[in-house]
Amino acid sequence: MAEQSEQIDFIWEGTDKSGKKITKRAITAKSETVAKTELKRQGFRVTKIKKKPKSLFSTKTRPITPGDIAIFSRQLATMLAAGVPLVQSFDIIGKGHENPSMATMLLSVKADIEGGDRLAEALNKKPLYFDELFCNLVEAGEHAGVLETLLDKIATYKEKTESMKKKIKKALTYPIAVLVVAFVVTTILLIFVVPVFEDLFKSFGADLPSFTRMVINMSEWMQEWWWIVIGIVVGAVYTNKYFKKRSREFNHFLDKLLLKIPVVGLILNKSAIARFARTLSTMSAAGVPLVDALQSVAGACGNIIYSDAVMKMREEVSAGQRLQFAMQQTALFPHMVQQMVAIGEESGSIDAMLSKVADFYEEEVDNLVDNLSSLMEPAIMAILGVLVGGLIVAMYLPIFKMGAAVG
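Criteria and thresholds
Residues numbered from 1 in each chain as written. Predicted model: local features only at pLDDT ≥ 70, side-chain atom pairs only at ≥ 80, totals over all residues. Heavy atoms only, no water. Helix = DSSP H or I, 4+ residues; strand = E, 2+ residues; numbered from the N terminus. Rg over C-alpha atoms; globule rule 2.2 N^0.38 Å. Buried < 20%, exposed > 50% of the residue type's maximum accessible area, 1.4 Å probe, protein only. Contact = heavy atoms within 4.5 Å. Axes fitted to C-alpha atoms, helices over the stretch in contact; angles between N-to-C directions. Parallel < 35°, antiparallel > 145°, perpendicular 65-115°, else oblique. Left-handed = near helix turned anticlockwise from the far one by under 90°. Nonpolar A, V, L, I, M, F, W, Y, C, P; charged D, E, K, R; others polar. Bend = angle between axes of the 7 residues up to and from the residue. pLDDT = per-residue confidence, 0-100. Patch = residues over 30% accessible without salt bridge, like charges linked within 9 Å, V, L, I, M, F, W, Y side chains within 5 Å. Areas by Shrake-Rupley, 256 points an atom, 1.4 Å probe, with all protein chains shown as cover. Salt bridge = Lys/Arg side-chain N within 4 Å of Asp/Glu carboxyl O. 1 Å grid on protein atoms, 1.4 Å probe; cavity = no way out; pocket = protein on both sides within 12 Å on 5 of 7 lines; lining within 4 Å. Points joined across faces, edges and corners; volume = space filled by probe spheres on them. Pairing = 2+ DSSP bridges.

K.L.:
Any chance you could explain the overall build of the protein here in plain terms?
P.N.:
When its secondary structure is counted, the protein shows 15 helices and 3 strands. Computed over the C-alpha atoms, the radius of gyration of the protein is 29 Å, more than 25% above the 22 Å expected from 2.2 N^0.38 for a compact globule of 407 residues. Along the three orthogonal principal directions, the C-alpha set of the protein runs to about 95 × 65 × 35 Å. A burial count over the protein gives 40% of its 407 residues as buried. Across the protein, the fraction of contacts at a sequence separation of at least 24, relative to all contacts at a separation of at least 6, is 61%.

K.L.:
Would you mind showing me how to read the packing of helix 10 (residues 264–285) against helix 12 (residues 304–318) here?
P.N.:
The description of two packed helices rests on the angle between their axes and on the distance between the axes. Remark: helix 10 packs on helix 12, axes separated minimally by 11 Å, with the N-to-C direction vectors making an angle of 40 degrees. The orientation of helix 10 relative to helix 12 falls into the category oblique. In terms of crossing hand, the pair formed by helix 10 and helix 12 is right-handed. In contact with Asn269, Ala272, Ile273 and Phe276 of helix 10, helix 12 contributes Tyr306, Val310 and Met313.

K.L.:
Honestly, the side chain of Ser296 in this entry has me stumped. Any pointers?
P.N.:
Topologically, Ser296 is positioned in helix 11 (residues 290–300). Looking at Ser296, the relative accessible area reads 5%, which means it is buried. Not counting chain neighbours up to four residues away, the residues in contact with Ser296 comprise Glu132, Leu133, Asn136 and Met283.

K.L.:
Before we go on, may I ask you to explain the packing of helix 9 (residues 248–259) against helix 12 in this structure?
P.N.:
Relative orientation of the contacting elements helix 9 and helix 12 amounts to 105 degrees, with a least axis distance of 8 Å. With respect to their mutual orientation, helix 9 and helix 12 come out roughly perpendicular. Mapping the contact onto sequence places Arg248, Asn251, His252, Asp255, Lys256 and Leu259 in helix 9 and Ile304, Ile305, Tyr306 and Asp308 in helix 12. When grouped by side-chain class, the residues that make up the contact of helix 9 with helix 12 number 4 nonpolar, 2 polar and 4 charged.

K.L.:
What am I meant to see in helix 8 (residues 210–246) here?
P.N.:
Residues spaced three or four apart along an α-helix face the same direction, because each turn holds 3.6 residues. Along helix 8, the sharpest kink reaches roughly 75 degrees, centred on Trp225. Of all the positions in helix 8, only Thr212, Val215, Ile216, Ser219, Met222 and Val229 are classed as buried.

K.L.:
Explain the confidence of the model for the protein to me, please; I cannot follow it from the model alone.
P.N.:
Considering every residue of the protein, the mean pLDDT works out to 82; 94% of them sit at 70 or more. Here strand 2 (residues 21–29) stands out as the least confident element of the protein, with mean pLDDT 76; helix 12 is the most confident, with 91. Within the model, the stretch residues 1–5 combines pLDDT values under 50 with 9 contacts to residues more than four positions away or in other chains. Throughout residues 55–59 the model reports pLDDT below 50, and contacts reaching past four residues in sequence, or to other chains, amount to 0 contacts.

K.L.:
I would appreciate a short explanation of a nonpolar patch on the surface in the present structure.
P.N.:
There is a patch of nonpolar side chains on the surface, built from Leu200, Phe204, Phe211, Met214, Met218, Ile392, Val393, Tyr396, Leu397, Ile399 and Phe400 and spanning about 950 Å² of accessible area. Looking at the nonpolar patch, the elements with two or more residues in it are helix 7 (147–204), helix 8 and helix 15 (350–406). By residue number, the principal contributor to the nonpolar patch is helix 15, which donates 6 residues. Locating Met214 in the fold gives a position in helix 8. Here Met214 falls in the partly exposed class, since its relative accessible area comes to 42%.

K.L.:
What is the right way to read empty space enclosed by the protein from this model?
P.N.:
Any empty space left between atoms is shown by rolling a water-sized probe over those atoms. All chains considered together, the criterion is met by 1 cavity of 30 Å³ or more. Its boundaries defined by the atoms lining it, the largest cavity holds a volume of some 40 Å³. Along its surface, the largest cavity is lined by Ile168, Ala171, Leu172, Val264, Ile267, Leu268, Val369 and Leu372. Listed by contribution, the elements that provide at least two residues to the lining of the largest cavity are helix 7, helix 10 and helix 15.

K.L.:
Help me out: how do you make sense of the sheet that holds strand 1 (residues 8–15) in this one?
P.N.:
Hydrogen bonding along the main chain pairs the strands of a sheet, whether they run parallel or antiparallel. With respect to topology, 3 strands assemble into an open sheet ordered 2-1-3, the strand pairing being antiparallel. Where the open sheet ends on each side, the last strands, each with one partner, are strand 2 and strand 3 (45–51). In this sheet, neighbouring strand axes are inclined to one another by 30 degrees on average, regardless of whether the strands run parallel or antiparallel. Sheet analysis places strand 1 next to strand 2, joined by 7 bridges and oriented antiparallel. Across the sheet, the residue bridging to Ile11 is Ala26, located in strand 2. Contacts from helix 1 (residues 32–41) reach strand 1, strand 2 and strand 3, with the element oriented near 125 degrees to strand 2.

This is how it looks when you write it as structure tokens:
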């Protein structure tokens, strides 16, 4: 992610290769020198460049997302199918893109193509945005002369995988966000509200119910040691991010644990199978050899357990084993998936069979996500009721008790 950090917006003026004057064009780079070098490489002669002035209402240039790449693939496929030359297509898409970072990147790829690179070679120079799978499919399309068809398949693949990711994130983000809010509200009540009631109860001098005394003890502990709670939460988040980036063993443990969580684990399992089937189907349809395709498929599963299994399958397939038997050895793929693959291998239509598997499991994930959302709402309300309602009841119990005594 280093290439996306500390980016600066510049406004520049100059001329293009034909000598046409260009004014007030934007570019994003790490420094003025890098910006000039990039523009020179694209064939522009810079006469003036300065940092873009910051406005009170200006927003930071957003990074390039997988969604941007999916839209770009669809646009490029449409233009090539309409007969627009490749270089001109990049020029149209790049100059018309609303994200300056994406526009700069596409114009850079265009300059590489103009310099003699094939499209796959130019995209390979941008590994942050175009992964091995993307580049392999583009290369296969160029060799077979069906680039627009392959780009259309890539766009469909990207759109489906991104749609599934968003649904899973939505299903998991909502309950996590509500629980975080519940934790914050409970902490505020314990630190600021409960002590007010405690002072009130002390002035009465009455004995407090056990439940109320427990809550007051929690409040006193939280007032004294709140920084420990914050330290544990921040430390846990930082540790998770640190080891997730640097430790494969940690990721292996985490992914294995997630797959075993009720309901959530089922969604992640079916999602990994859907990605496996969709990716392998797309690559098989492009004519990529099975052994080479499995290399890219392993990185697209989204789970290390499945990625490792696919790499073992690749070794067995390269040694002459049928894909169905290799899948059977992993004990991760359901019998239905294995049988569909076996039928595809025998009939020579493995891409069509895998596409049907992907459609089936993507629909399964959609249904499970909807069911999870429906189940989580009452569960979350119950948790909020127990936490916040319990605190309120604990504070009013002594008041009810004294009211009954007075009565």
